[in-house]
Amino acid sequence: MPERDTDNAIDRALEAVLLVADEPQGLVHLATAVGRPVEQVAAAVARLVNDYDGVDTAGNPAGVRRGFELREVGGGWRFYVRAEYDTVVADFVMTQNPSKLSQAALETLAVIAYKQPISRGSVASIRAVNVDSVVRTLLGRGLITEAFTDSETGAINYATTDLLLTQLGLNSLDELPPISPLLEDGAEGFSHDLR
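The shown structure was predicted, so the numbers you read here are calculated from the model rather than taken from an experiment. (Residues numbered from 1 in each chain as written. Predicted model: local features only at pLDDT ≥ 70, side-chain atom pairs only at ≥ 80, totals over all residues. Heavy atoms only, no water.)

A. Looking closely at the pairing of strand β2 (residues 76-81). Counting buried positions over the 6 residues of β2 gives 5, a clear majority of the element. Pairing of strand β1 (residues 68-73) with β2 involves 6 bridges; the strand directions are antiparallel. Along β2, the bridge assignment pairs leucine 70 with phenylalanine 79. The hairpin formed by β1 and β2 contains 2 residues between the paired strands, and glycine 74 there has a positive phi angle of roughly 60°. (Buried < 20%, exposed > 50% of the residue type's maximum accessible area, 1.4 Å probe, protein only. Helix = DSSP H or I, 4+ residues; strand = E, 2+ residues; numbered from the N terminus. Pairing = 2+ DSSP bridges.)

B. Focus on helix α5 (residues 103-115). Between its first and last C-alpha, α5 extends 18 Å over 13 residues, near the 18 Å set by a 1.5 Å rise per residue. Buried within α5 are the following residues: Ala105, Thr108, Leu109, Val111, Ile112, Ala113 and Tyr114. Of the surrounding elements, those touching the buried residues of α5 are β3 (118-119), α6 (120-127), α7 (132-140), β4 (144-149), β5 (156-160) and α8 (162-168). (Expected span 1.5 Å × (residues − 1). Contact = heavy atoms within 4.5 Å.)

C. Structural detail: the environment of alanine 113. Examined against the element boundaries, alanine 113 turns out to sit in helix α5. Note on alanine 113: relative accessible area 6%, which makes it buried. Sequence-wise, alanine 113 and leucine 143 are 30 residues apart; in three dimensions their C-alpha atoms are separated by 9.9 Å.

D. Local environment of the packing of helix α2 (residues 27-34) against helix α3 (residues 38-53). Close contact between α2 and α3 brings their axes to 9 Å; oriented N to C, the two are set at 105°. Taken together, the axes of α2 and α3 are roughly perpendicular relative to one another. Contacts from Leu27, Val28, Leu30, Ala31 and Val34 in α2 reach Val38, Val41, Ala42 and Val45 in α3. Taken together, the residues that form the contact of α2 with α3 break down as 9 nonpolar, no polar and no charged. (Axes fitted to C-alpha atoms, helices over the stretch in contact; angles between N-to-C directions. Parallel < 35°, antiparallel > 145°, perpendicular 65-115°, else oblique. Nonpolar A, V, L, I, M, F, W, Y, C, P; charged D, E, K, R; others polar.)

E. Here's a closer look at the packing of aromatic side chains. For the structure on display, the rule yields 3 aromatic pairs. Ring geometry for tyrosine 52 and phenylalanine 68: centres 4.9 Å apart, planes at 55°, overall tilted. Of the two residues, tyrosine 52 sits in helix α3 while phenylalanine 68 sits in strand β1, which places them 16 residues apart along the sequence. Aromatic rings pair up to connect Tyr52, Phe68 and Phe79 into one cluster. (Phe/Tyr/Trp six-rings, centres within 6.5 Å; stacked < 30°, edge-to-face > 60°.)

F. A look at the sheet that holds β5. The strand order β3-β5-β4 describes an open sheet built from 3 strands, whose pairing is antiparallel. Of all the strands in the sheet, the pair left with one neighbour each is β3 and β4. Relative to β5, β4 runs antiparallel, the two being bridged by 5 bridges. Directly across from threonine 149, in β5, lies its bridge partner isoleucine 156. Its contacts with the sheet put α7 on β4 and β5, and the angle it makes with β4 is roughly 110°.

G. A look at unusual backbone geometry. The peptide bond linking glutamine 116 to proline 117 adopts the cis configuration, its omega dihedral lying at -10°. Looking at the secondary structure, you find proline 117 in the loop between α5 and β3. Phi at alanine 128 takes a positive value of approximately 60°, unusual for a residue other than glycine. Mapping alanine 128 onto the fold places it in the loop between α6 and α7. The exposed category is assigned to alanine 128, whose relative accessible area is 64%.

As structure tokens, then:
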């Protein structure tokens, strides 16, 4: 089989696998799935990224830029909607599936994301409300996990999951935006334990 045909076959096989994957796939896992060496799969992923971006290997325009992209997130590769189409897709999803997190859940998730690992009591203290049901909801959706139990107090400490990173399109928590500029009188920043 000529090399170009082989490249085409790998590219199409990867597309098929990535299309049905519901979480980011690492290069080793993809290589195993398509039965090719990791180096060939890495080259194929690079070709697909360029193809979806509508550019050639030198970055010159070479086709149609797609409404989705292949992006590396959370240690693997996954299809994402391009940022400029977020509103269109969000509107579509909300009319098809209006299930979303409540304001209380979003606030609790933010506290956990920025202060993790953190106990339920500490989250409740920061939010000044009972967060038991909200924490159960976040656990049920797989956005947070029980990180550990404090040996002295017996309190369960919570942390965010890779699913949250995937949903936010982040590689790590270090990519969360700094919170201090978003708060009143936060222009000068706050203590280092808040991002």
